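Examining the three-dimensional arrangement
Next come the chains, spelled out residue by residue.
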Amino acid sequence: MSEPFFGTGPVRPAGDEPGEGLQYEVYDPDALVGGTRMEDHLRLAVCYWHSFCSPGADVFGSGTWDRPWLGEAAAADPMAAAEAELDAAFELFTILGTPFYCFHDLDLAPAGDSLRESRANLEAMADQAGAKMDETGVRLLWGTANLFGHPRYAAGAATNPDPDVFTHAAAQVRAVLEVTHRLGGENYVLWGGREGYDTLLNTDLRREGEQLARFLSLVAEHKHAIGFTGTLLIEPKPHEPTKHQYDHDAAAIHGFLDRHGLVDEFKLNIEANHATLSGHSFHHEVAYAVGHGLLGSIDANRGDPQNGWDTDQFPNSVEELSLVLYEILRGGGLGTGGFNFDAHLRRQSIDRDDLVHAHVGAIDTLARALIVAQALVDDGTLASTRAERYAGWEGPTGQAIFDPSATLASLADEAESADRRPQPVSGRQERLENEVNRVLWTAR
């Protein structure tokens, strides 16, 4: 690009002396939290799709955002438009100082008139992205394939009733998985945007489940065949856009993977807004994934409590994110994952630099939540209370229950002979809520 797309210079870390331009209020990549650099805890990533591939349209109106590589420019010379988009993307990554980014295949490169041409476009743009990565030091958190946007995927990709759609999806995934591997990506995500059904009147549930399991097995096999050592991720998503999604929530995916012998091949990419749409809290989904060794990465966004839709707003609640990060810290961190801002501006936020400010606020929110989460870990009250509540399971009765020789009758006889009359014990919910608030208000 001959001129910068954004009107601001690099955002300075919170630890720098005050000066001109934007500065983070909390985020300092080198600040130590629990002995680990803040950047290494959070592993922040900017998403390509919402930030650069959307015009800001909605179902009631056309786009409002200034994205000169879209529309007529993309139609006239798709590859030149993709190059301009790439320049703007890496400019934003550099301004924010985020270490990672993420993309779908059709974010990075335009579709061609054939699968071979689409793959050639992707590989050509991957070469340019690789050069930008070498120049800036920004790394690839994960890649993925868009298996939901084209009309051919209206009835799903892996779960489509047409096997030719299945093989078309396989070709896309092979291309992106191999490009992700070549660019040093640390994960690969399978996002089943339409792997579900709209009506049971025309749906064979068992067959579609078998198709999905076969697809996932093939992806895992190809990962090993090409020597990709990153993590394969599945992103839970409930009933949107279909009536029912097979990847509804973390527990549903866990059960599916376990049933098909795939639980050792995949982890979960948890999104905040998907969690709430599934009827759970973000905290719940992350806690489930951590508790079962399935947490891989995070899509950091939020929904609107008055709007039952995937609004994908930038996160701004320290209270919500503190408990999420508390679970992540107690589980040992994110590993190869990170916090990707799968969020987009509101339609009225039309200035180019609004995208910068949105990320700055979200990053500071995460940084503050990390500090609170570490303080909760250090304080120990939540952990000790939880351990105390379940302490009986470490004693003779708890151990006897899990002894393979135990039977229902033997346990019942033992209870009768001891004439056990257990009394209720307080869960102390309100005290613990107060404890969280105390740390939230005082952590430094």
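Above this text sits the structure in question.
Residues numbered from 1 in each chain as written. Predicted model: local features only at pLDDT ≥ 70, side-chain atom pairs only at ≥ 80, totals over all residues. Heavy atoms only, no water.

1. A few points about a nonpolar patch on the surface
A contiguous nonpolar surface patch, about 520 Å² in accessible area, is contributed by Tyr390, Trp393, Ile401, Phe402 and Leu411. Position of Tyr390 among the secondary structure elements: in the loop between α14 (381–389) and α15 (396–401). (Patch = residues over 30% accessible without salt bridge, like charges linked within 9 Å, V, L, I, M, F, W, Y side chains within 5 Å. Areas by Shrake-Rupley, 256 points an atom, 1.4 Å probe, with all protein chains shown as cover. Salt bridge = Lys/Arg side-chain N within 4 Å of Asp/Glu carboxyl O. Helix = DSSP H or I, 4+ residues; strand = E, 2+ residues; numbered from the N terminus.)

2. Topic: the nonpolar core
Nonpolar side chains tend toward joint burial in soluble globular proteins. Residues Phe52, Tyr101, Ile298 and Phe339 are the most contacted members of the largest nonpolar core, which totals 121 residues. A per-element tally of this core places helix α13 (residues 354–379) first, with 14 residues. Apart from residues no more than four positions distant in its own chain, Phe339 is found in contact with Leu42, Arg43, Leu44, Ala45, Ile298, Ala300, Leu325, Ile328, Leu334 and Leu366. (Core = buried A, V, L, I, M, F, W, Y, C linked by side-chain atoms within 4.5 Å. Buried < 20%, exposed > 50% of the residue type's maximum accessible area, 1.4 Å probe, protein only. Contact = heavy atoms within 4.5 Å.)

3. Re the packing of helix α12 (residues 318–330) against helix α17 (residues 429–442)
Viewed as axis vectors pointing N to C, α12 and α17 meet at an angle of 105 degrees, and their least axial separation amounts to 11 Å. If you check the angle between α12 and α17, you find them roughly perpendicular. Along its contact with α12, which presents Val318, Glu319, Ser322 and Leu323, the element α17 presents Val436, Asn437 and Leu440. In the contact of α12 with α17, the residues fall into four nonpolar, two polar and one charged. (Axes fitted to C-alpha atoms, helices over the stretch in contact; angles between N-to-C directions. Parallel < 35°, antiparallel > 145°, perpendicular 65-115°, else oblique. Nonpolar A, V, L, I, M, F, W, Y, C, P; charged D, E, K, R; others polar.)

4. Points about the packing of aromatic side chains
This structure, assessed with the given rule, holds 13 aromatic pairs. Ring centres 4.9 Å apart and planes at 70 degrees place the aromatic pair Phe90 and Phe93 in the edge-to-face group. In this pair, Phe90 and Phe93 are both assigned in helix α4 (residues 78–96), three residues apart and thus about one turn of the helix distant. Residue Phe90 shares its accessibility class with Phe93, and that shared class is buried. (Phe/Tyr/Trp six-rings, centres within 6.5 Å; stacked < 30°, edge-to-face > 60°.)

5. Some words on the pattern of salt bridges
Scanning the entire structure with this criterion turns up 19 salt bridges. Among the ionic pairs, Arg119 bridges to Glu178, the shortest N-O distance being 2.6 Å. Taken together, the residues span a long stretch of sequence, with Arg119 in helix α6 (residues 115–136) and Glu178 in helix α7 (residues 163–182) at a distance of 59 residues. When its relative accessible area of 22% is taken as the criterion, Glu178 is described as partly exposed. Through salt bridges with shared partners, a single network forms among Asp30, Arg37, Glu39 and Asp40.

6. Quick look at the sheet that holds strand β6 (residues 187–190)
Strand order in this closed barrel of eight strands is β3-β4-β5-β6-β8-β10-β11-β12, and the pairing throughout is parallel. Strand-to-strand twist of the sheet, defined as the mean angle between neighbouring strand axes without regard to direction, takes the value 30 degrees. The strands that α7 touches are β4 (100–104), β5 (139–144), β6 and β8 (231–234); relative to β6, the one it contacts most, it runs at about 160 degrees. Strands in contact with helix α8 (residues 205–226) are β6, β8 and β10 (266–271); relative to β8, the strand with the most contacts, it is inclined by about 160 degrees. (Pairing = 2+ DSSP bridges.)

7. Considerations on unusual backbone geometry
We note that Asp312 has phi near 50 degrees; this positive angle belongs to a residue other than glycine. For Asp312, the location among the structural elements is in the loop between β11 (295–299) and α12. On the basis of relative accessible area, Asp312 is assigned to the buried category, the value being 6%. Even without being glycine, Asp419 reaches a positive phi, approximately 50 degrees. Tracing the chain through its elements places Asp419 in the loop between α16 (408–418) and α17.

8. Some remarks on the side chain of Asp342
Locating Asp342 in the fold gives a position in the loop between β12 (339–341) and α13. For the buried residue Asp342, which engages in no salt bridge, the nearest side chain bearing the opposite charge is Lys237, 8.1 Å off. In this structure the side chain of Asp342 is engaged in a polar contact, spanning 3.0 Å, whose partner is the side chain of His50. (Lys, Arg positive; Asp, Glu negative; His and termini not counted. Polar contact = N/O pair within 3.5 Å; in protein donor to acceptor, adjacent residues only side chain to side chain.)

9. Topic: the environment of Tyr27
As for its placement among the helices and strands, Tyr27 is situated in the segment before β1 (32–33). Taking the C-alpha atoms as reference points, Tyr27 and Leu370, separated by 343 residues in sequence, lie 9.8 Å from one another. Those residues in contact with Tyr27 that sit more than four places away from it in its chain are Pro13, Ala14, Met38, Glu39, Leu42, Leu44, Ile363, Asp364 and Ala367.

10. A closer look at the pairing of β8
Residues in a regular strand project their side chains so that they alternate between the two faces of the sheet. Burial of the side chains of β8 extends over both faces: Thr231 and Leu233 are buried on one face and Leu232 and Ile234 on the other. As paired elements, β6 and β8 share four bridges and run parallel to each other. If you follow Leu190 over to β8, its bridge partner there is Ile234. As judged from the three bridges shared by β8 and β10, these two strands associate in the parallel manner. Considered in β10, the bridge of Leu233 is made with Lys267.

11. Focus on α13
Here α13 spans 38 Å end to end across 26 residues, near enough to the 38 Å set by a 1.5 Å rise per residue. Across the 26 residues of α13, 19 count as buried, placing the element largely inside the fold. Once α13 ends, the next one or two residues include Gly380, with phi positive near 80 degrees. (Expected span 1.5 Å × (residues − 1).)

12. Observations regarding the packing of α4 against α6
Interhelical geometry of α4 versus α6 gives an angle of 25 degrees and a closest axis separation of 11 Å. The angle between the axes of α4 and α6 places the two elements in the roughly parallel class. Read as a crossing pair, α4 and α6 show a hand that is right-handed. Side by side, α4 and α6 meet where Met79, Ala82, Glu83, Leu86, Asp87, Phe90 and Thr94 of the first sit next to Asn121, Ala124, Met125, Gln128, Ala129, Lys132, Met133 and Thr136 of the second. Its residues assigned to classes, the contact of α4 with α6 comprises eight nonpolar, four polar and three charged. (Left-handed = near helix turned anticlockwise from the far one by under 90°.)

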